[in-house]
Amino acid sequence: MNAVTRRAAIATAAVSMALSLAACGQAGGDKKDDNAGSGSSTKIGLLLPENKTSRYEALDKPQFEKAVKAACGGCEVVYNNAVSDVVKQKQQFDQFIADGIKVIALDPVDATKAESWVKDAKVKGVKVVAYDRAVKGADAYVSHDNNKVGELQGQALLAALGDKAATANVVMINGDEKDPNAALFKKGAHTALDGKVGKIAYEASGEWDPKIAGEKMSAAISSVGKDKIGAVYSANDGMAGGIVTSLENAGIKGIPVGGQDAEIAGVQRIIAGTQTFTIYKSPLQLAPEAAKFAVNLLQGKAIGAEGETDGVPSTLFPPVVVDSKNIQDTVVKDGIYKAADLCTADLAAKCTELGIK
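Residues numbered from 1 in each chain as written. Predicted model: local features only at pLDDT ≥ 70, side-chain atom pairs only at ≥ 80, totals over all residues. Heavy atoms only, no water.

**Quick notes on the sheet that holds strand β8 (residues 231–234)**
Stage number 1. Read across the open sheet, the three strands follow the order β7-β6-β8; overall the sheet is parallel. Of all strands in the sheet, those with a lone pairing partner are β7 (199–205) and β8, marking the two edges. Between one strand axis and the next, the sheet turns through 15 degrees on average, direction left out of account.
Stage number 2. With six bridges joining them, strand β6 (residues 169–174) and β7 adopt parallel strand pairing. What sits directly across from methionine 172, in β7, is glutamate 203.
Stage number 3. On top of the sheet, helix α7 (residues 210–224) reaches β6, β7 and β8; it is set at about 150 degrees to β7, its chief contact. (Pairing = 2+ DSSP bridges. Helix = DSSP H or I, 4+ residues; strand = E, 2+ residues; numbered from the N terminus. Axes fitted to C-alpha atoms, helices over the stretch in contact; angles between N-to-C directions. Contact = heavy atoms within 4.5 Å.)

Shown next as structure tokens:
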């Protein structure tokens with residue numbers, strides 16, 4: 001073979017190899033598309049609303065990330081927290097879209113304002129999973145039955161009051177009025193309490209802020225009277241912490257105080273006896289379901305929702321009341337907390353008494 005012939009053979013082999021590699025590359029691309037969505041970004045956005053409530057950073061975020069990775073090994077979760085700032089969250093949402101992210105799981109600071117974001121996203125081909133708070137026009141929605149949450153809170157407060165309920169003055173510290181879930185909690189609680197307690201003697205929004213909730217509790221004590229408050233409804237555990245501090249500062253002990261979210265501090269107050277109950281909305285249910293929705297939307301598959309809420313495919317999980325009797329069988333059994341996390345030295349004896357191990 002002369003030099004010219006050799007060069008021609010080498011060139012032919014090179015072209016053949018390039019075509020072969022291109023075909024392999026296309027096959028690899030197909031495999032990646034099967035894993036992360038045909039022609040789509042492999043990134044899924046997660047936007048959570050605030051960090052005053054510890055569950056978001058401690059539970060929701062890691063559980064969501066874990067579930068996305070399990071369902072889509074090639075996917076990446078891009079995360080931001082709005083720290084209660086709706087303007088910041090809008091910027092984060094817009095940046096995700098600008099970065100080419102095609103599916104966003106959004107727990108909005110203000111669900112009403114987020115409606116227009118979702119509408120704009122849809123025009124740009126971006127799918128939105130409403131996470132924990134309903135947003136009109138979203139592609140999917142996952143939460144717990146929030147009206148039922150409020151009902152359970154009210155029923156648990158009635159159970160704690162027992163035969164004192166009919167004459168009790170109840171203080172209600174509700175969530176942020178911009179949060180549609182807060183309205184559902186409030187509605188459910190009123191359904192359970194109205195006509196069954198003496199009266200709702202004081203009611204205000206604690207804005208999901210322990211400090212503000214504590215201030216509102218102090219105002220309630222001044223308004224109703226130190227010795228005339230029978231029980232306190234707190235829409236969540238974070239605010240219950242501020243409320244309990246105000247009660248203790250005023251020398252008020254032994255009255256039922258409820259909460260929600262099964263935060264570690266709330267569960268520890270239940271062990272200590274300063275909080276009566278919380279509502280457990282397991283992130284082991286919520287985050288994986290939201291992750292499933294997000295991955296399915298990214299891959300162009302059926303969403304896999306159990307039903308619809310206001311026309312949006314949705315799954316709503318049942319909440320659970322947690323009190324001193326079932327801590328072991330709920331948050332400990334589910335692996336949300338280890339007994340060692342809950343049972344600090346000052347709570348060790350109480351934990352033994354309650355069978356927490």
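**Quick word on the pattern of salt bridges**
Stage number 1. A complete count under the given rule lists 13 salt bridges for this structure.
Stage number 2. Residues glutamate 65 and lysine 61 are paired through a salt bridge, measuring 3.3 Å at the closest nitrogen-oxygen approach. One end of the pair is glutamate 65 and the other is lysine 61, both in helix α2 (residues 55–71) and four residues apart, which spans about a single turn.
Stage number 3. Taking relative accessible area as the criterion, glutamate 65 reaches 24% and is therefore assigned partly exposed.
Stage number 4. Across the pair lysine 281 and aspartate 261 runs a salt bridge, and its minimum N-O distance is 3.7 Å. Remark: aspartate 261 occurs in the loop between α8 (237–249) and α9 (264–272) and lysine 281 occurs in the loop between β9 (278–280) and α10 (283–299); sequence separation between them is 20 residues.
Stage number 5. A relative accessible area of 9% means that aspartate 261 is categorised as buried.
Stage number 6. One network of salt bridges, in which partners are shared, links Arg55, Asp60, Asp132, Asp261 and Lys281. (Salt bridge = Lys/Arg side-chain N within 4 Å of Asp/Glu carboxyl O. Buried < 20%, exposed > 50% of the residue type's maximum accessible area, 1.4 Å probe, protein only.)

**Points about empty space enclosed by the protein**
Stage number 1. Applying the stated rule across the entire model yields two cavities of 30 Å³ or more.
Stage number 2. Along its surface, the largest cavity is lined by 14 residues, and Arg55, Tyr56, Arg133, Trp208 and Asp261 are the ones closest to its centre.
Stage number 3. Elements represented by at least two residues in the lining of the largest cavity include exactly α2 and α6 (180–193).
Stage number 4. Looking at the lining of the largest cavity residue by residue, the class counts come to three nonpolar, four polar and seven charged.
Stage number 5. Space inside the second largest cavity adds up to approximately 30 Å³.
Stage number 6. Lining the second largest cavity, in full, are Arg55, Leu59, Asp60, Asp261, Lys281 and Pro283.
Stage number 7. With three residues, the top contributor of residues to the lining of the second largest cavity is α2.
Stage number 8. In the lining of the second largest cavity, the residues fall into two nonpolar, no polar and four charged. (1 Å grid on protein atoms, 1.4 Å probe; cavity = no way out; pocket = protein on both sides within 12 Å on 5 of 7 lines; lining within 4 Å. Points joined across faces, edges and corners; volume = space filled by probe spheres on them. Nonpolar A, V, L, I, M, F, W, Y, C, P; charged D, E, K, R; others polar.)

**Comments concerning unusual backbone geometry**
Stage number 1. Phi is positive for serine 84, which is not a glycine, with a value near 70 degrees.
Stage number 2. Relative to the helices and strands, serine 84 resides in the loop between β2 (76–81) and α3 (86–98).
Stage number 3. Taking the relative accessible area as the measure of exposure, serine 84 reaches 34% and is therefore partly exposed.

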